[in-house]
Amino acid sequence: MSTVKRGVDQREIKYNLTTVLNRRDFGISTAAFLGACGTTSEQAPENPVAATGPLYLDLHIDTPSRLVSEGLNLGESPEYSQVDIPKMRQGGLTAGFFAVFSPARNKTPLESVKDALRITDVIVEEVRRHPDDMFLATTSDDVLRAQRENKIGVLLGIEGGHMIDSSIEVLRQLYRLGARYLGLTHSGNTPWVGAAEYSDGPEGLTDQGREIVREMNRLGMMADLSHASEQAFFDTIDTSVAPVLNTHAACRAVADHPRNLTDEMLRVLAQNGGVLGVAYFTGMLDDGHRARFSELREIGQQRSAARREFKDNLQRLSEELWKLNLAEVELIGTPPLSRLVDHIEHAATVAGIDHVGLGSDFDSVGLKLPAGLEHIGKTPNLIAAMKDRGFSDEDAAKVMGGNALRAMQAAEQAAG
Ligand SMILES: [Zn+2]
């Protein structure tokens, strides 16, 4: 039985985190937390990086989940959002794959397909509301146009093969709506492909799965293997005539997370011409930090309670969830930004610099992010950290987006 029910008072009693949980002045608390690296959106310079910095393509942004569940407006930049137009401008984003995600479990196939349509619609409508800043991008040329026109190209990626309900026709319709990658699976529940975690499906890719991957090749829709099993990873690369992506994971040799790529996987990915989008989620970057996640269990329960309590007051919900994120950081801290660079460097060493990119997973992992990279506006800190590590401007530009763009171009050329 849970002793945590709902409401701020009980949380304070339970955790004695009064100073964090009872805050009403986010501005002060957040500024204190974000410290010297922090730049609030009010201080954001007018898009200083995009016009002059490298092409920056994020392979996995989870903000659509928050557009749906918290009603965020991308034109506003509250402290609790990690990806919005001012912060994307501040960070110099050229284009980003916005993830269409619906949980794989506890949904009927029809509900999952409907979610894919509904979430795609929410993204497209949000983009439509901000025509001066964003447009829906579907090709590598669109990404280059975004850079030229100093706008943000919003690309669509489906996160979870359960959302096509094993149907080639649904797959094709999602392509026609703009989706340019499909994460073959999420956490099980996809009958034609094995998942890295919680798998209840086959070990690798079934014959039907191979057929789906071949159709994706024909369309020019990339396979994202972020949540796929190791066997499915090798089977897909064996099947695909186009480069594959792993849009948000890291390196097993640096942190032993089951979704991270082994050195053998990194080498095979390089042979395929594919790209690993290194994820910022500290649970995948740092074993010691992940070991402390068990201390956050009850804050997780509070998060669920807040979702119930404030379901009719979405701004308040966002504020409460943000306070809980801050409480987590107070409890277990965050690894330094150099830990993320360790993974980028390892992937570049094993797979080669041409096969490394970025997949932030912003707006999905709370503040379980490296220090100094709490939102997309802080991306210049990452570029600086790569330079400190000895990456040349040219190599940093490949990681920032050049490699992802090349993989898109190759997938387009392989289509037809
Ligand atoms: Zn994911």
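Values in this document were obtained by computation on a predicted structure and should not be read as measured data.

**Describing the nonpolar core**
Formed by 107 residues in total, the largest nonpolar core has its most connected members in Ala250, Leu276, Val278, Ile344, Ala347, Val356 and Met386. Ignoring anything within four residues of it in the chain, the contact list for Ile344 reads Val278, Val356, Met386 and Val399. Counting 9 residues, the second largest nonpolar core, distinct from the first, contains Ile299, Leu321, Leu326 and Ala327.

**Describing the packing of helix H14 (residues 297-309) against helix H15 (residues 314-332)**
At a closest axis distance of 10 Å, the pairing of H14 and H15 adopts a crossing angle of 175 degrees. Relative to H15, the element H14 is oriented roughly antiparallel. Taken together, the residues of H15 that come into contact with H14 (itself represented by Ile299, Gln302, Arg303, Ala306 and Arg307) are Leu317, Glu320, Leu321, Leu324, Ala327 and Glu328. Here the contact of H14 with H15 is built from residues that sort into 6 nonpolar, 1 polar and 4 charged.

**Quick word on H14**
Its 13 residues give H14 an end-to-end C-alpha distance of 19 Å, which sits within 8% of 18 Å, the value for a rise of 1.5 Å per residue. All buried positions along H14 are accounted for by Ile299, Gln302 and Ala306. The arc that holds the buried residues of H14, viewed along the axis, is 50 degrees, so those residues lie on one side. Residues Arg297, Ser304 and Arg308 are exposed on H14 and point more than 90 degrees away from its buried face.

**What to know about unusual backbone geometry**
Negative phi values dominate among residues other than glycine, just as trans dominates among peptide bonds. One non-glycine residue with positive phi stands out, namely Asn150, at about 55 degrees. Here Asn150 lies in the loop between helix H7 (140-149) and strand S4 (152-159). A residue is classified by how many C-beta atoms lie within 10 Å of it, and Asn150, with 12 of them, is exposed. Located in the positive-phi region is Asp165, a residue other than glycine, with phi close to 50 degrees. Structurally, Asp165 is set in the loop between S4 and helix H8 (168-177).

What counts as what
Residues numbered from 1 in each chain as written. Predicted model: local features only at pLDDT ≥ 70, side-chain atom pairs only at ≥ 80, totals over all residues. Core = buried A, V, L, I, M, F, W, Y, C linked by C-beta atoms within 7 Å. Buried ≥ 20, exposed ≤ 12 C-beta atoms within 10 Å, placed from the backbone. Contact = placed C-beta atoms within 7 Å. Axes fitted to C-alpha atoms, helices over the stretch in contact; angles between N-to-C directions. Helix = DSSP H or I, 4+ residues; strand = E, 2+ residues; numbered from the N terminus. Parallel < 35°, antiparallel > 145°, perpendicular 65-115°, else oblique. Nonpolar A, V, L, I, M, F, W, Y, C, P; charged D, E, K, R; others polar. Expected span 1.5 Å × (residues − 1). Arc of directions from axis to C-beta.

By themselves, these figures tell us nothing about what the structure is for.
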